Amino acid sequence: MQTRKRITFNHAWISVGQWVRVPQHRRGLVLGGTALVVALTSSALVSSGGDLGIVRNVEGSEIARIGAHIVQNTLTNLVAQGHNDQALDQAFEIGDELFAAHFNAGDGSGANVGNGSRFTRMPRADLIGSKQWATHVPSRATGPNTQACTDCHSKPADDGAGEASTNVHRDGNHTARFNQMVQRNTPHVFGLGGLQRLAEEMTVDLKAIRNSARAFVNCGTVRAATSVTNNLVSKGVNFGSITVSHDNNLSTCRETLNPPATGAALALSSDLVVRPFQWKGSVAFIRDFVRGAAHNEIGMQASELLGSPSVDPAGVDGDGDGVPNELFVGDITALTVYQADQPRPTTRQELAGVGLIPALSATENSDIADGSLVFDRTGCGNCHVRRLTVNDVIFREPSANADFRDTGNLFPNGRTFSSSNFDPNNAIHFDITQDAQENNTVNAANGQPLGAFQRDSQGHAVIELFGDLRRHDMGPKLAEEIDEVGTGKSVFMTENLWGVGSTAPYLHDGRAATLTEAILEHDGEGKAARDAFVASSTTAQQHLVAFLNNMVLFKLEE
Amino acid sequence: MAKAHSLLSPVRLLVASYVLVLGATAWVACSSEADPAAQSRSGGAQPGAQQVPGVVLGPAEAPPVTQTQGTQARAPSPSRTLAADTSSNTSPSVVAGLGEGRESAPPTDALVAMSRNLEQRITPPIASVAGAQMLFVSCDKTPCMTRTQAPSLAALRQVLTALSSEFSGQIAFTVRERLSAYAGHAFEADVIVGVAQGAQQPVPSDENDLLIEP
């Protein structure tokens with residue numbers, strides 16, 4: 001892959017936990033404050049009907065401030081004509097601004113919740129009137145509860161995690177009963193491109209193992225009954241096993257997925273797709289997460305969720321707020337690329353090593369080193385796997401892997417990818433080990449960009465995830481009152497610990513204010529590690545926490 | 001020095017800015033009508049877009065923009081408006097038939113008619129199964145396809161059985177598990193209806209056999 005142009009940012013930085021991102025839209029505008037007065041006057045000259053028009057004219061519009069919607073056709077054409085670098089830069093920058101934008105009613109932010117409300121932190125399945133909360137299309141599980149992605153992804157700054165105060169409450173079954181709802185804490189979005197690539201490669205591995213088992217028992221040909229069980233292992237992670245049984249004197253086979261250990265949860269779904277997103281491992285690809293959150297949390301509906309092949313989505317107002325066509329296919333691509341190309345989490349030691357924060361004391365370094373040993377000794381690393389590698393270091397949107405884009409190359413509304421020129425053959429792509437758009441002006445100790453994933457001697461990307469992308473039964477203490485996605489009430493995906501020092505509170509509902517509390521909440525498949533932690537000396541426990549707090553999120557100021 | 005200072009007086013800046021913004025507005029309005037793709041290009045992150053590092057504008061200082069109608073025809077922020085449109089030579093084509101406020105062509109009358117006919121035919125059998133719903137009908141290719149969803153595999157098998165009956169067995173389908181943090185857990189099937197002889201697919205008696213991928 002050719003070396004792509006890099007966007008250069010200022011070298012300024014603020015120490016970990018305190019850095020503040022200054023969005024580009026607040027910087028460097030040529031006309032400055034004078035233009036404000038002039039533009040206000042200009043706005044008033046433009047007539048527009050209705051209250052939303054008045055809002056747009058008086059307050060402006062975030063979409064307008066960004067410039068306009070980005071049309072997918074523009075991005076795809078850039079790639080098709082050999083200008084992937086431009087497409088990537090354009091998508092990233094617009095995605096950045098969309099992520100930080102505080103949308104207003106003129107943009108379509110919020111929804112017709114009912115009774116005049118536009119936002120709600122409490123699901124309102126009781127509001128069943130026309131265009132009200134319970135009748136929105138697509139069906140809503142929560143919110144809208146905020147105006148911007150950064151309202152929740154804010155700790156330690158934009159693109160980070162969320163405080164407990166930003167927890168969202170979901171009533172996916174529209175029961176309007178408190179004991180049928182779940183709450184979710186906001187995770188950070190650093191390093192998502194590497195995370196999706198990891199899941200893609202694991203999925204390929206697991207399906208190859210299944211196909212091998214099918215071939216072994218000759219599925220598709222008539223034969224006597226037989227069966228085979230193959231272990232599902234990818235990148236050293238044990239996802240259990242699959243048993244393929246050939247029906248007697250038929251050509252058909254049956255398949256059974258087995259958990260990795262007795263008493264453990266099924267590590268993944270029967271389709272063997274590793275889904276790395278959401279607390280229960282329910283979402284496979286970033287785009288799916290993006291448009292779900294945009295609709296549910298912010299009330300900005302992606303057109304690809306609305307209408308159908310025979311109903312123009314451009315005219316559909318699915319959330320009753322008077323604004324159709326709130327986010328284009330290209331907008332969702334931009335948000336996806338922006339999140340995919342977020343820098344990898346880092347460590348305080350790494351930052352100190354390159355002079356971005358003051359050097360750690362000898363005691364701090366010693367504690368972290370010992371904590372690393374405690375981490376292994378207590379068995380944390382059995383699930384929180386330190387590092388995994390990605391062989392193909394190119395992230396693509398849309399993905400080259402059909403399991404990581406919408407099924408059948410149809411958007412959720414049934415319209416074809418080609419109707420919007422969304423083309424897997426001309427995907428926006430970047431190298432996750434080189435093309436970081438942020439934290440790229442400083443090199444790590446090995447000379448590779450700080451923001452990008454490190455490349456090992458074989459050219460593979462090293463993902464220091466501290467996770468295994470598996471689902472685990474965490475026991476009754478963490479069980480919820482409903483089974484949100486059919487994987488089990490107490491089943492959650494291993495939380496990736498990268499950046500964990502910056503992202504308190506912890507666990508799916510933010511119930512743990514400290515790392516110690518989070519460890520003590522472990523039960524079920526995590527019980528042995530919890531018990532080992534409890535049995536450790538206070539010093540060892542403190543060192544483990546020091547080791548975990550070493551893993552942080554960091555961004556150079558733009 | 002005094003003369004130079006007067007050139008930068010607030011009044012002069014105001015007048016100059018006003019002219020620039022009005023010009024930019026007019027330019028955007030023209031390009032919006034002439035070329036929808038140009039709107040996105042002008043709004044995009046332009047390589048080489050003029051930026052003045054170090055000038056930070058707070059939220060109250062963010063320049064409002066002009067608004068015409070709909071949700072797309074909007075003026076870019078001044079910095080982008082004034083930037084050269086360097087992508088004009090690299091994005092020559094737009095999707096045929098696009099109008100303001102859309103990025104894909106509207107469906108044709110023929111497609112709408114074909115889809116509605118099929119919807120009318122498949123709605124009763126799908127609705128006969130509790131919790132089942134049709135997500136969409138697609139007649140972009142023939143034979144047409146419908147994506148249906150049901151809360152359980154057993155329910156989905158009932159849907160498939162009903163559709164198979166409606167179309168005299170001339171259906172083919174793929175089934176998958178659907179997980180969504182917002183929409184919960186369901187099973188969905190892409191069902192092609194009216195397939196040719198030889199391509200039809202029987203509905204298995206055991207719903208668990210539905211999930212086996214080909």
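Here is a short report on the structure shown in this document. (Residues numbered from 1 in each chain as written. Chains lettered and ligands numbered in written order. Predicted model: local features only at pLDDT ≥ 70, side-chain atom pairs only at ≥ 80, totals over all residues. Heavy atoms only, no water.)

### Examining the overall build of chain A
Per the secondary structure count, chain A includes 14 helices and 14 strands. Whereas a compact globule of 558 residues would reach a radius of gyration of roughly 24 Å, chain A reaches 24 Å, a difference of no more than 12%. With respect to the principal axes defined by its C-alpha atoms, chain A has extents near 75 × 70 × 50 Å. Per-residue burial over chain A gives 63% buried out of 558 residues. (Helix = DSSP H or I, 4+ residues; strand = E, 2+ residues; numbered from the N terminus. Rg over C-alpha atoms; globule rule 2.2 N^0.38 Å. Buried < 20%, exposed > 50% of the residue type's maximum accessible area, 1.4 Å probe, protein only.)

### A few points about the packing of helix H5 (residues 84-100) of chain A against helix H9 (residues 329-340) of chain A
Residue and element names in this part refer to chain A. Close contact between H5 and H9 brings their axes to 7 Å; oriented N to C, the two are set at 95 degrees. If you check the angle between H5 and H9, you find them roughly perpendicular. Facing Leu88, Ala91, Phe92, Ile94, Gly95, Asp96, Leu98 and Phe99 of H5, the residues of H9 in contact are Asp331, Ala334, Leu335, Val337, Tyr338 and Gln339. Tallied by class, residues from the contact of H5 with H9 come to 10 nonpolar, two polar and two charged. (Axes fitted to C-alpha atoms, helices over the stretch in contact; angles between N-to-C directions. Parallel < 35°, antiparallel > 145°, perpendicular 65-115°, else oblique. Contact = heavy atoms within 4.5 Å. Nonpolar A, V, L, I, M, F, W, Y, C, P; charged D, E, K, R; others polar.)

### Considerations on the sheet that holds strand E7 (residues 388-390) of chain A
Residue and element names in this part refer to chain A. Strand order in the open sheet made by the three strands is E7-E11-E10, with antiparallel pairing throughout. Among the strands making up the open sheet, the edge pair consists of E7 and strand E10 (454-455). Against the sheet, helix H7 (residues 192-216) engages E7 and strand E11 (461-463), with an angle of about 85 degrees to E7. (Pairing = 2+ DSSP bridges.)

### With respect to the sheet that holds strand E5 (residues 253-258) of chain A
All names here are of chain A. Taken in spatial order, the three strands line up as E3-E4-E5 in an open sheet, and their pairing is antiparallel. Both outer strands of the open sheet, strand E3 (226-234) and E5, are each paired with one neighbouring strand and no more. With strand direction ignored, the average angle separating the axes of adjacent strands in the sheet is 20 degrees. Two elements, strand E4 (residues 237-246) and E5, share six bridges in a ladder whose sense is antiparallel.

### Quick word on helix H4 (residues 72-80) of chain A
All names here are of chain A. The buried count for H4 comes to eight of nine residues, which makes it a mostly enclosed element. Among the residues of H4, Gln72, Asn73, Thr74, Leu75, Thr76, Asn77, Leu78 and Val79 are the ones counted as buried. Glycine 82 lies just past H4 and shows a positive phi near 85 degrees.

### Side note on the side chain of Asn145(A)
Residues and elements named next belong to chain A. One can find asparagine 145 in the loop between H5 and helix H6 (149-152). In terms of polar contacts, asparagine 145 uses its side chain to reach the side chain of glutamate 297, at 2.7 Å. Leave out the neighbours within four places in its chain, and asparagine 145 touches Phe119, Thr120, Arg121, Val168 and Glu297. (Polar contact = N/O pair within 3.5 Å; in protein donor to acceptor, adjacent residues only side chain to side chain.)

### Notes on helix H8 (residues 286-298) of chain A
All names here are of chain A. Here H8 contains 13 residues, and its C-alpha end-to-end distance of 17 Å stays within 8% of the 18 Å for a straight helix at 1.5 Å per residue. With 13 of 13 residues buried, H8 is to be regarded as a mostly interior element. Just beyond H8, the residue with positive phi is glycine 299, at close to 80 degrees. (Expected span 1.5 Å × (residues − 1).)

### A word on the nonpolar core
Residue and element names in this part refer to chain A. Grouped together as the largest cluster of nonpolar side chains are 80 residues, with contacts concentrated most on Leu98, Phe239, Ile463 and Leu469. If you tally residues by element for this core, the top one is H7, at eight residues. Not counting residues within four places of it along the chain, the set of residues in contact with leucine 469 comprises Leu195, Leu198, Ala199, Met202, Phe239, Val274, Pro276, Met493 and Asn496. Ile368, Ala444, Leu544 and Leu548 belong to the second largest nonpolar core, which has 36 residues in total. (Core = buried A, V, L, I, M, F, W, Y, C linked by side-chain atoms within 4.5 Å.)

### Concerning the packing of H4(A) against H5(A)
Any two packed helices are characterised by the angle at which their axes cross and by the distance between the axes. All names here are of chain A. Relative to each other, H4 and H5 sit at 150 degrees, their axes nearing to 7 Å. Regarding the angle of H4 to H5, the classification is roughly antiparallel. When H4 is examined against H5, the residues Thr74, Leu75, Leu78 and Val79 are found in contact with a partner set consisting of Asn84, Gln86, Ala87, Gln90 and Ala91. Split into classes, the residues belonging to the contact of H4 with H5 amount to five nonpolar, four polar and no charged.

### Examining the environment of Thr336(A)
All names here are of chain A. Within the secondary structure, threonine 336 sits in helix H9. Among the residues examined, threonine 336 registers a relative accessible area of 0% and is labelled buried. C-alpha separation for the pair threonine 336 and aspartate 288, spaced 48 residues apart in sequence, amounts to 9.0 Å. Residues in contact with threonine 336, not counting those within four places in the same chain, are Ile286, Arg287, Val290 and Glu397.

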